Amino acid sequence: MEQLLLLIFLPLAGAIITALAGKSAKIVSTVISVASLGLALFIACNFIPDASTQFEANLPWIADLGIRFHAGIDGISMLVVLLTNLLIPIIILSSYKYDYKNPAAFYALILFMQAGLLLVFTAMDAFLFYIGWEAALIPIYFICAFWGGKDRIRINMKFFVYTIAGSLFMLMGIIYLYLQNPAHNFDIQAFYALNLDSAQQGWIFWAFFIAFAIKMPIFPFHTWQPDTYTAAPTQGTMLLSGIMLKMGIYGVIRWLLPIVPTGVQDWSCLAMVLSIIGIVYASLIAFTQKDAKRLVAYSSIAHVGLISAGIFALNQQGMQGAMVQMLSHGINVVGLFFVLDIIFSRLKTNKIEELGGIAKLAPQLAITFLIIVLGTVALPGTNGFIGEFLLLMGVYNYGIWAAAIAGLTIIFGAVYMLRMYQNVMLGKTSELTITFTDIKGTEKLVLYIICALIIILGVYPKPLLHLTEASVQHLLEQVHQKLTSVK
């Protein structure tokens, strides 16, 4: 219990310390984020990969309303806890070349967001889950609003309205479940045990699904994403794409499937169709992009669409693939946005047509960028392969035509990502790129770490699969048992 409480509250305490650290905020936040990673690795090393909930904290909070500070870790949450604590120090390191205005606030907000994310990924109480959900939104809003690019206020307001609207739907669903619960508490197991009829499950499905679909995002709830990713500062984009969208994926797995399995079964076909439309639509839009950052943003929508399709296939392969791909996508997309940030910091543009020939001048950047691109397009031997393979297998077991269309994400992704790499890194240098310099310092450190993870997890993914297998199998058994009992 103590380890989990420390894991959640260390970034929160660190945010307060960082806010008071002044010019030392960058170093202080780095130390705290690395300490959080060390604690997460300690918990992972002592974690038993079965279906049980471990390191559980269950403390009274608001007793009159049946609200408890109930948090715990199983194989599903362990993976996203590791992802969060791994990416935060990488994201902080990636900002070292910048001197942000008011750095204490900037780095404090990152750590505050980390605490909110960890609360979401470990909460076993629905009210606590909602608090974490909203707590993670507040800092990213201010990061994008204060340190974002051109037209950031209008774009950020659209993002905020979308996410708040989704959160309100989820809150209504949580309150309804609380009122149906004879124990009058928000405990996740009590919600799992509720015997709701088909109509009730349908309404609850949509209340939760809209909130999660906006956060992921999947078609047609995605329209806030490309503009927000482009206007946000690079570290904000990394937080959004690398970790925050995983909140929606995790929410579907942890809360939606076990609570309303009949609702999921009734609407899974539509959810699958929306996911597959998102894959094709985002891939086709990515082909037309002139800005590399927007291209990666649409690429992310396509990859998340495949993850969503794997989940709604409701089988072991699809669910395992979704878990592994959450981690892989987080690592890869942070790497992509960091490379584009390096290019932008030197040339002040991400316009693909204005670039070219960078590989001749920056061979180390070219090699690391290529490794990240190959991981993104799921080349065998990289971290993206095993997740996409399992996802496609899961979707194939759901339906061969669904798999055939969903598989287009691999073909399309390889074409537009490799074409982008060719236009940016290869060919002749231009007047703009002739002065380009290779990576150095923390740029090397960040990219070397990301590339090492891509290769290691691609060559030896067994620990990830072993970590989540029992918990995923147990969750699917719960879902199928409830569906059988209803029939």
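An account of the accompanying structure is given in this report.

1. Observations regarding the pattern of salt bridges
Applying the stated criterion across every chain, the model contains four salt bridges. Lys 97 is the salt-bridge partner of Asp 341, the closest N and O atoms lying 3.0 Å from each other. Of this pair, Asp 341 sits in helix α13 (residues 316-347) while Lys 97 sits in the loop between α3 (75-94) and α4 (103-122), and the two are 244 residues apart along the sequence. The exposure class assigned to Lys 97 is partly exposed, which follows from its relative accessible area of 30%. Measuring nitrogen to oxygen at the nearest pair gives 2.8 Å for the salt bridge that ties Arg 294 to Asp 227. One end of the pair, Arg 294, is in helix α12 (residues 292-312); the other, Asp 227, is in helix α9 (residues 225-231), with 67 residues separating them in the sequence.

2. Some points on α12
If you check α12, its first and last C-alpha atoms are 31 Å apart, about what 21 residues at 1.5 Å a residue would give, namely 30 Å. With 20 of 21 residues buried, α12 is to be regarded as a mostly interior element. Residue Asp 291 occupies the N-cap position of α12, its side-chain oxygen lying 2.8 Å from the main-chain nitrogen of Lys 293. Of the residues one or two after α12, Leu 314 is the one with positive phi, at around 55°.

3. Examining a nonpolar patch on the surface
On the surface, Trp 267, Leu 270, Val 273, Ile 277 and Tyr 281 cluster together into a nonpolar patch covering about 390 Å² of accessible area. Structurally, the position occupied by Tyr 281 is in helix α11 (residues 261-287). With a relative accessible area of 33%, Tyr 281 lands in the partly exposed category.

4. Focus: the nonpolar core
For soluble globular proteins, nonpolar side chains are generally found buried alongside one another. One finds Ile 140, Phe 209, Leu 256, Ile 343 and Leu 365 to be the most contacted residues of the largest nonpolar core, which totals 182 residues. The contact partners of Ile 343, leaving out residues within four places of it in the chain, are Lys 348, Thr 349, Asn 350, Leu 355, Ile 358, Leu 365, Val 424 and Phe 436.

5. Brief notes about the packing of aromatic side chains
The tally for this structure, following the rule as stated, stands at 32 aromatic pairs. Ring centres of Phe 129 and Phe 212 lie 6.5 Å apart, and the angle between their planes is 80°; this geometry places the pair in the edge-to-face category. You can see Phe 129 sitting in helix α5 (residues 126-147) and its partner Phe 212 sitting in helix α8 (residues 198-215), a full 83 residues away along the chain. As far as burial versus exposure is concerned, Phe 129 and Phe 212 are alike and both buried. Following the ring pairs from residue to residue traces out a cluster consisting of Tyr 98, Tyr 100, Phe 106, Tyr 107, Tyr 141, Phe 142, Phe 146, Trp 147 and Phe 160.

6. A look at the side chain of Asn 315
One can find Asn 315 in the loop between α12 and α13. Given a relative accessible area of 12%, Asn 315 falls into the buried group. If sequence neighbours within four positions are ignored, Asn 315 has contacts with Gly 394, Asn 397, Tyr 398 and Leu 476.

Reading guide: rules and limits
- Residues numbered from 1 in each chain as written.
- Predicted model: local features only at pLDDT ≥ 70, side-chain atom pairs only at ≥ 80, totals over all residues.
- Heavy atoms only, no water.
- Salt bridge = Lys/Arg side-chain N within 4 Å of Asp/Glu carboxyl O.
- Helix = DSSP H or I, 4+ residues; strand = E, 2+ residues; numbered from the N terminus.
- Buried < 20%, exposed > 50% of the residue type's maximum accessible area, 1.4 Å probe, protein only.
- Expected span 1.5 Å × (residues − 1).
- Polar contact = N/O pair within 3.5 Å; in protein donor to acceptor, adjacent residues only side chain to side chain.
- Patch = residues over 30% accessible without salt bridge, like charges linked within 9 Å, V, L, I, M, F, W, Y side chains within 5 Å.
- Areas by Shrake-Rupley, 256 points an atom, 1.4 Å probe, with all protein chains shown as cover.
- Core = buried A, V, L, I, M, F, W, Y, C linked by side-chain atoms within 4.5 Å.
- Contact = heavy atoms within 4.5 Å.
- Phe/Tyr/Trp six-rings, centres within 6.5 Å; stacked < 30°, edge-to-face > 60°.

On their own, these measurements won't tell you what the molecule is for.
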